[in-house]
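Now for the letters of each chain:
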Amino acid sequence: PTTILSAAHHPQAAAVAEMLVPLSSLLQLTLALRMLQYVSLYRPLGPLLVTVGGMIRNIVQFFGVYAFVLLGFSDAIFVLFNASPEVIDGSVQPVSYQEVVTNMVLWVLGEIDFAML
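Remember, it's a predicted structure, so these values are computed and weren't measured experimentally. Each chain carries its own residue numbering, running from 1 in the written order of its sequence. Per-residue local features of the predicted model are confined to residues with pLDDT of at least 70, and side-chain atom pairs are confined, for both listing and counting, to 80 or more; whole-chain, interface and lining totals are unaffected and use all residues. Based on all heavy atoms of the structure, the side-chain values leave hydrogens and waters out of the count.

*Asks:* Lay out the overall build of the chain with the relevant residues and their values.
*Replies:* Scanning the chain from N- to C-terminus turns up four helices and zero strands. A helix here means a DSSP run of H or I that spans at least four residues, while a strand means a run of E at least two residues long, and both kinds are numbered starting from the N terminus. In sequence order, the secondary structure elements of the chain are arranged as α-α-α-α. Each residue is placed in one exposure class: buried if its accessible area under a 1.4 Å probe, protein chains only, is under 20% of its type's maximum, exposed if it is over 50%, and partly exposed if it falls in between. The proportion of buried residues among the 117 residues of the chain is 11%. Contacts are residue-level and defined by heavy atoms, with any inter-residue pair within 4.5 Å sufficient. Long-range contacts, defined as pairs at least 24 residues apart, comprise 36% of the intrachain contacts of the chain with a sequence gap of at least 6.

*Asks:* Let's hear about helix 2 (residues 46–82): which residues, and what values?
*Replies:* The periodicity of an α-helix, 3.6 residues per turn, causes residues three or four positions apart to be oriented the same way. Any helix carries an expected span of 1.5 Å times its number of residues minus one. Between its first and last C-alpha, helix 2 extends 53 Å over 37 residues, near the 54 Å set by a 1.5 Å rise per residue. Along helix 2, the residues that are buried comprise Gly46, Gly54, Leu70, Ser74 and Ile77. Among the structural elements, helix 4 (97–108) are those in contact with the buried residues of helix 2.

*Asks:* Run through helix 4, naming residues and quoting values.
*Replies:* End to end, helix 4 covers 17 Å across twelve residues, agreeing with the expected 16 Å (1.5 Å per residue, within 8%). For helix 4, the complete set of buried residues consists of Val100, Val101, Asn103 and Met104. Looking straight down helix 4, one finds that the buried residues subtend no more than 165 degrees of arc, so they occupy a single side. Along its buried surface, helix 4 packs onto helix 2. Note: the arc covers the axis-to-C-beta directions of the helix.

*Asks:* Could you give an account of the side chain of serine 74, naming the residues involved and the relevant values?
*Replies:* Position of serine 74 relative to the elements: it lies in helix 2. Any pair of nitrogen or oxygen atoms within 3.5 Å is treated as a polar contact; in protein, a donor-acceptor pairing is required on top of that, and neighbouring residues in sequence qualify only through side-chain atoms on both sides. There is a polar contact of 2.8 Å between the side chain of serine 74 and the backbone oxygen of leucine 70. Leave out the neighbours within four places in its chain, and serine 74 touches Tyr97, Val100, Val101 and Met104.

*Asks:* Which residues make up the packing of helix 2 against helix 4, and what values do they have?
*Replies:* Following both chains from N to C, one finds helix 2 and helix 4 inclined at 125 degrees, their axes separated by 9 Å at the closest point. Taken together, the axes of helix 2 and helix 4 lie oblique to each other. In this structure, helix 2 meets helix 4 at a crossing whose hand is right-handed. Residues Tyr66, Leu70, Leu71, Phe73, Ser74, Asp75, Ile77 and Phe78 of helix 2 pack against Tyr97, Val100, Val101, Met104, Val105, Trp107 and Val108 of helix 4. Under the scheme applied here, ten amino acids are nonpolar (Ala, Val, Leu, Ile, Met, Phe, Trp, Tyr, Cys and Pro), four are charged (Asp, Glu, Lys and Arg), and all others, including Gly, are polar. Taken together, the residues of the contact of helix 2 with helix 4 break down into 13 nonpolar, one polar and one charged. Every axis corresponds to a line fitted to the C-alpha atoms, with the helix fit spanning only the stretch in contact, and the corresponding angles, defined between N-to-C directions, vary from 0 to 180 degrees. An angle below 35 degrees is treated as roughly parallel, one above 145 as roughly antiparallel, one from 65 to 115 as roughly perpendicular, and anything else as oblique. Take the far helix as your reference; a near helix turned counterclockwise from it by less than a right angle gives a left-handed crossing, and one turned clockwise gives a right-handed crossing.

In structure tokens form, the structure reads like this:
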């Protein structure tokens with residue numbers, strides 16, 4: 001007779017399973033990148049992989065600049081919102097920095113929350 005192990009029988013099994021999920025994701029990503037090295041040996045796909053690698057490099061650079069600009073504007077809005085007379089008087093609650101950054105990202109994606117303004 002075979003028995004299926006569950007968290008009810010072994011409480012540590014759930015903790016081990018939670019630790020294995022990120023590890024298995026990292027393993028899959030590593031194997032996929034290794035397969036790209038082998039695929040690059042195939043003559044028609046080699047130049048395409050070089051092009052995709054350059055595109056990914058450009059995307060990472062863009063998001064680096066974007067994060068710099070986003071955090072700069074988020075700092076400015078955070079200071080402006082929390083230095084308003086209403087916040088100083090106590091009639092309006094101050095805005096958290098996390099809320100400002102979240103709303104800035106949503107504004108870029110087209111989800112404008114006018115309640116914050």
